[in-house]
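Chain and residue survey
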Amino acid sequence: MKLIIEDDEGRRTVIPLYRDELTIGRAEHNVVRLHEKDVSRKHARLVRRHGHVYIEDLGSLTGVRVNGQRIHGRRPVHEGDLIEISRYDLILESGPGDAALEKPPEEVTTPIVHDAGSRADAREEVTRRVVRVATIVLVVLLAAAVVAVLWLRALRAGP
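Below is a summary of the structure that appears in this document. Only a predicted model underlies this, so the values are computations on that prediction, with no experimental measurement involved.

Conventions and cut-offs
- Residues numbered from 1 in each chain as written.
- Predicted model: local features only at pLDDT ≥ 70, side-chain atom pairs only at ≥ 80, totals over all residues.
- Heavy atoms only, no water.
- Helix = DSSP H or I, 4+ residues; strand = E, 2+ residues; numbered from the N terminus.
- Buried < 20%, exposed > 50% of the residue type's maximum accessible area, 1.4 Å probe, protein only.
- Contact = heavy atoms within 4.5 Å.
- Areas by Shrake-Rupley, 256 points an atom, 1.4 Å probe, with all protein chains shown as cover.
- Pairing = 2+ DSSP bridges.
- Phe/Tyr/Trp six-rings, centres within 6.5 Å; stacked < 30°, edge-to-face > 60°.
- Lys NZ or Arg CZ within 6 Å of the ring centre and 35° of its normal.
- Lys, Arg positive; Asp, Glu negative; His and termini not counted.
- Salt bridge = Lys/Arg side-chain N within 4 Å of Asp/Glu carboxyl O.
- Polar contact = N/O pair within 3.5 Å; in protein donor to acceptor, adjacent residues only side chain to side chain.
- Core = buried A, V, L, I, M, F, W, Y, C linked by side-chain atoms within 4.5 Å.

Let us now look at the overall build of the protein chain. Helix and strand counts for the protein chain stand at one helix and 12 strands. Taking all 159 residues of the protein chain together, 26% fall into the buried category. The contacts in the protein chain between residues at least 6 apart in sequence include a share of 41% that link residues at least 24 apart. Carbon together with sulfur atoms contributes 56% to the accessible area of the protein chain, which is approximately 10,900 Å² in total.

Our next topic: the sheet that holds strand β2 (residues 12-16). Adjacent strands of a sheet form backbone hydrogen bonds with each other and so pair up, either parallel or antiparallel. Pairing within the open sheet is antiparallel, and its six strands lie in the order β2-β1-β11-β10-β7-β8. Each edge of the sheet is formed by a strand with only one pairing partner; in this case those strands are β2 and β8 (69-70).

Further remarks concern the packing of aromatic side chains. Tallying each qualifying case throughout the model produces zero aromatic pairs. Of note, Arg-74 hangs over the ring of Tyr-54, and the distance from its end group to the ring centre comes to 5.7 Å.

Here the focus is the pairing of β2. Alternating positions in β2 separate cleanly, Thr-13 and Ile-15 being buried on one face and Arg-12, Val-14 and Pro-16 remaining unburied on the opposite face. The antiparallel pairing of strand β1 (residues 2-6) with β2 creates a hairpin that spans five residues between the two strands, and Gly-10 there sits at a positive phi of about 85°.

Here the focus is the side chain of Arg-33. Inspection of the secondary structure puts Arg-33 in strand β4 (residues 32-33). There is no salt bridge for the buried Arg-33, and the closest opposite charge comes from Glu-28, which lies 4.8 Å off by N-O distance. In terms of polar contacts, Arg-33 uses its side chain to reach the backbone carbonyl oxygen of Ala-27, at 3.4 Å.

The tally for this structure, following the rule as stated, stands at 10 salt bridges. In this structure, the salt-bridge partner of Asp-7 is Arg-11, at a minimum N-O distance of 2.8 Å. The closest approach of N and O atoms between Arg-87 and Glu-36, which form a salt bridge, is 3.4 Å. One end of the pair, Arg-87, is in the loop between β10 (82-85) and β11 (88-93); the other, Glu-36, is in the loop between β4 and β5 (44-49), and 51 residues separate them in sequence. Here Glu-36 falls in the partly exposed class, since its relative accessible area comes to 22%. One network of salt bridges, in which partners are shared, links Glu-21, Arg-45, Arg-49, Glu-56 and Arg-74.

For His-50, which is not glycine, the phi dihedral falls at a positive 50°. Position of His-50 relative to the elements: it lies in the loop between β5 and β6 (52-57). A relative accessible area of 79% places His-50 in the exposed class.

Attention shifts here to the nonpolar core. Counting residues in hydrophobic clusters, the biggest one holds 23 residues, and the most contacted among them are Leu-46 and Ile-55. If you list the elements that add at least two residues to this core, you get β1, β3 (21-25), β5, β6, β10 and β11. The dominant element in this core, judged by the number of residues it contributes, is β11, at three residues. Excluding anything up to four places from it in sequence, Leu-46 contacts Leu-3, Leu-17, Asp-20, Glu-21, Leu-22, Val-53, Tyr-54, Ile-55, Val-77, Ile-83 and Leu-92.

Printed below as a string of structure tokens:
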């Protein structure tokens, strides 16, 4: 079985479904990365259980539609169903020999649009977060030092 993804410019990407669970979203850790700004970092999950495939909205802001209807939570999908996420159309399609595939040849992670800056953007975001956390820690430590100095002065001054 495979997932065919088409963006609003007609570009198609085919992703073999070797896993039982496939995450879809804008964040780098997703198996399927969709780069539109209105795609949530963790937007949806495609799950295979006991021969059935389900799509699950992971609380995304813009939602997931199956055959034109917005879903809430998990919903079964079948071959040929149209799954819409933002400006992307996703369709499940089976191929010959699907049952014969037992093990994936390797780990598959495919971005929809090659964005050379995405890794740099991710690193920059991590750097910003680290700087933010370090700044907060320094401010808290400085405030604690000021409180300690004032407390010691009050103790020395006595009643």
